[in-house]
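Residues per chain, in single letters:
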Amino acid sequence: IPEIFIAQAKSKADAGDFRAAEELYLSASRPELALAMYQENEAWNDALRVAQMHLPHRAAEVNASYQAALARAGKGNSKSDFMSAGRSLEQSKQWNQAIDMYLNARPGRVDSNVDLEDIWDKAIEIARNYVPNRHVEVALEVSRRLVDIKREEAAADVLFDIGRHDEAVNLCINAKKYEKAKQLSKGNSILKKKVDDAYQ
């Protein structure tokens, strides 16, 4: 019976009826054939869905193929591309790969600095919640990148959140963001004096 299902699925796939073919492959307990069909036809959202539901250990590999296909097509650089690719890795609990996916977003690949900030925030969030031993490293990397794209106040917030209060305040002083520096130095008399002196 499985062989009959597979033969029927192939003819459905040849006719372009991928959903019906998928159901037949699943009836034959051969989800990997459904996955291969979607990959061959570059139906990546369906390939990711099948991988997540039936072959979670292959989700990262499918995601990498998807990114490679987008890159070949000269696409894959929008915020939604990075977010959906990262989310699918999160769903299969591949936290390190998800962090790396979000950190793959860079100026030149993503046009908007606001979008970059949102994508990198996700990397920090995943590290904080699921890979605590990478939290500081990821936060420092993101803060460096935020300075590079002239988003110093956001970079200072990132540093402040990981307890690097001095560095956060210094960053604001150097960037002449005195209001932000004052805000971050509240409750710390030494830092407050430093900000006041710099402001004067």
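Everything discussed here concerns the structure shown above.
Since this is a predicted model, take the numbers as computed values, not measurements.

**Quick look at the overall build of the chain**
The secondary structure content of the chain amounts to 13 helices and zero strands. Beginning at the N terminus, the succession of helices and strands in the chain can be written as α-α-α-α-α-α-α-α-α-α-α-α-α. In terms of overall size, the chain is more extended than a compact globule, its C-alpha atoms giving a radius of gyration of 23 Å where 200 residues would be expected to give roughly 16 Å. For the chain, the C-alpha atoms occupy an extent of roughly 80 × 30 × 20 Å along the three principal directions. Residues classed as buried in the chain amount to 44% of the 200 residues present. When contacts within the chain are restricted to residue pairs at least 6 apart in sequence, those whose partners lie at least 24 apart make up 38%. Surface exposure of the chain reaches about 10,900 Å², of which carbon and sulfur atoms provide 48%. The positive charge centre, built from 29 side chains, and the negative charge centre, built from 31, are 4 Å apart in the chain.

**A short note on the packing of aromatic side chains**
Scanning all chains against the criterion turns up four aromatic pairs. On the basis of an interplanar angle of 5° and a centroid distance of 3.7 Å, the ring pair of tryptophan 95 and tyrosine 130 is categorised as stacked. With a gap of 35 residues between them, tryptophan 95 in helix α7 (residues 95-103) and tyrosine 130 in helix α8 (residues 113-130) connect regions that are remote in the sequence. We note lysine 182 situated over the ring of tyrosine 199; from NZ or CZ to the ring centre the distance is 4.2 Å.

**Brief notes about the nonpolar core**
Most often, soluble globular proteins keep nonpolar side chains buried together rather than apart. Judged by nonpolar contacts, the single largest core of 41 residues is most densely connected at Ile99, Trp120 and Leu146. The element contributing the most residues to this core is α8, with seven residues. When residues no more than four places from it in sequence are discounted, the contact partners of tryptophan 120 are Tyr102, Leu103, Ala105, Arg106, Pro107, Val142, Arg145, Leu146 and Ile149. If you look at the next biggest cluster of nonpolar residues, it comprises 23 residues, including Ala34, Leu55, Ala59 and Leu70.

**Points about the pattern of salt bridges**
Pairing of side chains with opposite charge becomes possible as their charged atoms draw close. All chains considered together, the criterion is met by 18 salt bridges. The salt bridge involving glutamate 22 is made with arginine 49; its shortest N-O contact spans 2.8 Å. In this pair, glutamate 22 sits in helix α2 (residues 18-27) while arginine 49 sits in helix α4 (residues 44-54), placing the two residues 27 residues apart along the sequence. Looking at arginine 49, the relative accessible area reads 23%, which means it is partly exposed. Residues aspartate 157 and lysine 180 are paired through a salt bridge, measuring 2.9 Å at the closest nitrogen-oxygen approach. Here lysine 180 lies in helix α12 (residues 178-185) and aspartate 157 lies in helix α10 (residues 152-161), a separation of 23 residues in the sequence. Relative accessible area serves as the criterion here: at 29%, aspartate 157 is assigned to the partly exposed category. Owing to a relative accessible area of 9%, lysine 180 belongs among the buried residues under this scheme. In the salt-bridge network here, residues are joined through shared partners; they are Arg19, Glu22, Asp46 and Arg49.

**Quick notes on helix α3 (residues 31-40)**
Along α3, the residues that are buried comprise Pro31, Ala34, Leu35, Met37, Tyr38 and Gln39. Two residues or fewer after α3 comes glutamate 42, characterised by a positive phi angle close to 55°.

Reading the values: the criteria
- Residues numbered from 1 in each chain as written.
- Predicted model: local features only at pLDDT ≥ 70, side-chain atom pairs only at ≥ 80, totals over all residues.
- Heavy atoms only, no water.
- Helix = DSSP H or I, 4+ residues; strand = E, 2+ residues; numbered from the N terminus.
- Rg over C-alpha atoms; globule rule 2.2 N^0.38 Å.
- Buried < 20%, exposed > 50% of the residue type's maximum accessible area, 1.4 Å probe, protein only.
- Contact = heavy atoms within 4.5 Å.
- Areas by Shrake-Rupley, 256 points an atom, 1.4 Å probe, with all protein chains shown as cover.
- Lys, Arg positive; Asp, Glu negative; His and termini not counted.
- Charge placed at Lys NZ, Arg CZ, Asp CG, Glu CD.
- Phe/Tyr/Trp six-rings, centres within 6.5 Å; stacked < 30°, edge-to-face > 60°.
- Lys NZ or Arg CZ within 6 Å of the ring centre and 35° of its normal.
- Core = buried A, V, L, I, M, F, W, Y, C linked by side-chain atoms within 4.5 Å.
- Salt bridge = Lys/Arg side-chain N within 4 Å of Asp/Glu carboxyl O.

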